[in-house]
Every structure is written in structure tokens, then in C-alpha cells.
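Listed below are the residues making up each chain.
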Amino acid sequence: MVTTNEEGSKVEHESDYDRQRELKLLDESKAGVKGLVDAGLSKLPRIFIHENLSTSSSATNNNVTIPVINLGSMHEQVSSRLEIIEKVKDACEKWGFFQVVNHDIPECVLDEMLDGVRRFHEQDPEVKREFYSRDISRTVYYNTNMDLYTSPAVNWRDTLSCVLAPRPLHPLQLPSICRDIIIKYTEYVKKLGLVLFELLSEALSLNPNYLKDIDCAEGLYMLNHYYPPCPEPELTLGTSGHYDSSFLTVLLQDQVGGLQVLYENQWIDITPIPGALIINLGDLMQLITNSKFVSSKHRVLAQKTGPRVSVACFFRQHFQPETSKVYGPIRELVTEENPAMFKDITVKELITHRYTVGLNGVRALEHFKL
Ligand code: OGA
Ligand code: NI
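One structure accompanies this document, and this report is about it. (Residues numbered from 1 in each chain as written. Chains lettered and ligands numbered in written order. Predicted model: local features only at pLDDT ≥ 70, side-chain atom pairs only at ≥ 80, totals over all residues. Heavy atoms only, no water.)

### Comments concerning the side chain of His-121
Here's step 1: Positionally, His-121 belongs in helix 5 (residues 107-122).
Here's step 2: A polar contact is formed between the side chain of His-121 and the backbone oxygen of Asn-224, at a distance of 3.2 Å.
Here's step 3: For His-121, the residues in contact, after removing those within four places along its chain, are Lys-34, Lys-128, Tyr-142, Asp-158, Thr-159, Leu-160, Asn-224, His-225 and Tyr-226. (Helix = DSSP H or I, 4+ residues; strand = E, 2+ residues; numbered from the N terminus. Polar contact = N/O pair within 3.5 Å; in protein donor to acceptor, adjacent residues only side chain to side chain. Contact = heavy atoms within 4.5 Å.)

### A word on the state of the cysteines
Here's step 1: Following the criterion strictly, the structure yields zero disulfides and no others.
Here's step 2: Summary of cysteine pairing: Cys-162 is not part of a disulfide, and the nearest cysteine sulfur, belonging to Cys-178, is at 7.0 Å. (Disulfide = S-S within 2.5 Å.)

### Points about the environment of Leu-220
Here's step 1: Structurally, Leu-220 can be placed in strand 7 (residues 220-227).
Here's step 2: Accessibility expressed as a relative area gives 1% for Leu-220, which makes it buried.
Here's step 3: Taking the C-alpha atoms as reference, Leu-220 lies 8.1 Å from Lys-190; in sequence the two are 30 residues apart.
Here's step 4: Leave out the neighbours within four places in its chain, and Leu-220 touches Cys-162, Val-163, Leu-164, Ala-165, Thr-186, Val-189, Lys-190, Cys-313, Phe-314, Phe-315 and Arg-316. (Buried < 20%, exposed > 50% of the residue type's maximum accessible area, 1.4 Å probe, protein only.)

### A short note on the nonpolar core
Here's step 1: Residues Tyr-185, Leu-211 and Val-250 are the most contacted members of the largest nonpolar core, which totals 93 residues.
Here's step 2: In terms of residues, this core owes the most to one element, helix 7 (residues 179-203), which gives 10 residues.
Here's step 3: By size, the runner-up hydrophobic cluster in this structure holds 11 residues, among which are Ile-47, Phe-48, Trp-156 and Cys-230. (Core = buried A, V, L, I, M, F, W, Y, C linked by side-chain atoms within 4.5 Å.)

In C-alpha cells:
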């Protein structure tokens, strides 16, 4: 079998038969990476080993950090709102990443959400396996590595996925152990999303409702990640380097750390701040803004300490009929000096490409360049 590595070159696997068998064994255990750790594993199985991890990854730079934006003063006076918009604009143009504080989601809700995800992954394996699936048309399911069979190396991570909007799910579809908090947290994230899309619209010099009116806030897809402690963290990754496909992602991480963003060819740590949320732009935002705003590559390191828990909420449609909506560079942002860089595409085309290529593939957006 031939797969594509992080740099886009072809990698050939020896002993393919064993690899496929090992992947299948892990999948069929329905217990994820957590199941391996619980079984007392002390060496990393070969399927998790990322070749050339030390040579292919860029240097780490700890002297810069992504911007932190305080949303608290937004309603106080016009001047502070304008200041916030200026900061958002700068962060979206340079980084495609920032953290927000005073965002109106109470810290106890954040803590309870992280705890709910931890409880889901740490519950009785027999209950959890009922949710195990690779059927991407399902609304709620749990598995390990959405690209298990297509990526060149497996990530040290399990995930519970939920499609939350535009079609509301039935609460009973959610696992009972974290049902109430997922519903509560989702309501808060939807509200925050609307605030952010307003700020982003203004940062693009568009009318404040512009991004909401073209349905950027309509779809919401949630990934609840669990990164178990790893016996040999230097050989693998928690999440391979990737670009989100969303318009915007609201990411909640616990205090363990390990998340990094690639900035000017260096990996920068996104250090946890208690009570803060990470906001990052995805490929759909870069596409509609004609690259005025950027989506950045990011990854999660595997670590000896753990578990690490995170909740990524992607504002974008999933595999639903609504995904037939077409998006291209916003007309107001295209000029003679700055002509359209991307084709008009449906959300479905983008995510189908993403799910076919997997996390480690060539950047999806490249595929839709004019
Ligand atoms: C993602 C992601 C980072 C994290 O789900 O797309 O980048 O901290 N997650 O889990
Ligand atoms: Ni991501």
C-alpha cells in the first residue's frame, strides 16, 4: 500500500499485511487507544509510529504566543468594541488563531464539559462500545482515529463525535453520562459563535450580519477528544498536523497542554489559560475571505502525562443535505488587484475530500485553488 505523508510524498509500507491486521484488531476491539493503555501496554505498537517525526517537524519556538483577546469590554463603549475588532482582524490575518477570555461561558460550564468527556471515555467499556462506529452518516458515535485505515500512522487519541446543528439531535441520542452538559455547552457555543461571526464580519469591513446571513453559523459539529497518557510520546502524535475544514472552530482544552500551531514555519505552543477558549479559522473561512484571513496548520503532541481532554466545535455543516450550499470568495473581497483565488465549492466537496485524504494528507484547500 502507498500512502501520503505530512510533506505530501509517497510512503511505502513493508509488511502491509500485518499493518492492516493490527489496524483491524484495534478497530474491532472497540476500546480505542484507551483500551490499549488499560491493558498495560508499555511499548508503542508499530501502527502508531510516525516515521521521520523528529526530522520532518519544524523547530519549536517558545518566544511567541497567539494573541489573547478580552471580549469582556465589548458592550461598554464603542471604542473598546472597535479595539476588539482591530485585534481580531490582526489575529485572523496573521495567525488564524487566538484565545478569548471573558467570553460569557462560565468557567464551571467549561470544567463540567471537560469532565463529561473524560467520564464518557473512562466509563465501562461495555457501555462505550455501543457507540463505536465508523459510519460518518451517524449523528453520534465514538471511535479512534477517523482516518484509521488511510493515514500513514495512527494518532494516540479516541474521539466522540456529535452532529449538533442545523438539525437538532434528539437528546436521547447522546450518551447519558455527558448528555446534559453537551446540551448546555452547545447552547453557549452557538451564542459565542454568533458574537464571533459578527466581529469577523466587521473585521472584514462587511455588515455585521454578513457571515451569519450566508449561514456560516448554521452547522455545528463537535469532536470530544481523549488523549491517554502515552508510554513513548516522542514516537507518535496525539493529532497529526492538519487544517480544520470549518469556517471557525471553538476549541476547549484542559490544562495539560500539547497543542501547537505552525507559524512562520515553527511550531508554537498554545499554552492553556484557565477559563479561556481557543478560536481558530478553518479552510472554509480562508476560502470565502480569499485568503485575507488564514487557516493554520496545528497538531497535538502525545505526552507521558494524561489523559488530556479537549472539545472542538466546528462551525460547518457535516454530511447532511444542507451541505449542497455553494461557497466561494466573497464578492466584496475580490478586486482587480486581488482576484478570486478559489473555485466555488460545496461544503460537501470540501469535507468529502478531507475524509478521503485523512488528517495527514495534502492540504484540502490546495485542491480548490483556481
Ligand atoms: C481538531 C483539533 C485539537 C485538540 O479536533 O481539529 O485540532 O486540542 N483538536 O484536541
Ligand atoms: Ni483542528
